[in-house]
Amino acid sequence: MCQHQPPCPPAESADRESARLVAHHPEQGWSLLCNGVLLFEDTGELLPDGRIIGPHRPLGADQVMTAA
């Protein structure tokens, strides 16, 4: 799918989110990456093979839990 150099990481790799943008629709809350991954604004992902990666945004400072 990727035609540029260096090629984007494949959808199966851990750094898949660093692929180049092909389409960006912030008003709808999604972007399509060069490797075929649909990236949603809540940080969830839909991979080309249909697998779903749940949102994984970091917790804000007011939501961080600490052990007592």
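Up top you'll find the structure we're talking about.
Below, the structure is looked at part by part.

Definitions and limits used
- Residues numbered from 1 in each chain as written.
- Predicted model: local features only at pLDDT ≥ 70, side-chain atom pairs only at ≥ 80, totals over all residues.
- Heavy atoms only, no water.
- Helix = DSSP H or I, 4+ residues; strand = E, 2+ residues; numbered from the N terminus.
- Patch = residues over 30% accessible without salt bridge, like charges linked within 9 Å, V, L, I, M, F, W, Y side chains within 5 Å.
- Areas by Shrake-Rupley, 256 points an atom, 1.4 Å probe, with all protein chains shown as cover.
- Salt bridge = Lys/Arg side-chain N within 4 Å of Asp/Glu carboxyl O.
- Buried < 20%, exposed > 50% of the residue type's maximum accessible area, 1.4 Å probe, protein only.

**Some remarks on unusual backbone geometry**
At step 1: One non-glycine residue, T43, lies in the positive phi region at around 75 degrees.
At step 2: Relative to the elements of secondary structure, T43 occurs in the loop between β3 (38-40) and β4 (45-46).

**Looking at a nonpolar patch on the surface**
At step 1: On the surface, a nonpolar cluster with roughly 280 Å² of combined accessible area is contributed by F40, L46 and I52.
At step 2: Mapped onto the elements of the fold, I52 is located in strand β5 (residues 52-53).

**Quick word on the pattern of salt bridges**
At step 1: Per the stated rule, a full pass over the model turns up 2 salt bridges.
At step 2: The closest approach of N and O atoms between E45 and R16, which form a salt bridge, is 2.6 Å. Here E45 is found in strand β4, whereas its partner R16 is found in the segment before β1 (21-25), with 29 residues between them in sequence.
At step 3: A salt bridge links D49 to R51, with the nearest nitrogen and oxygen atoms 2.8 Å apart.
At step 4: R51 sits in the partly exposed class, given a relative accessible area of 42%.

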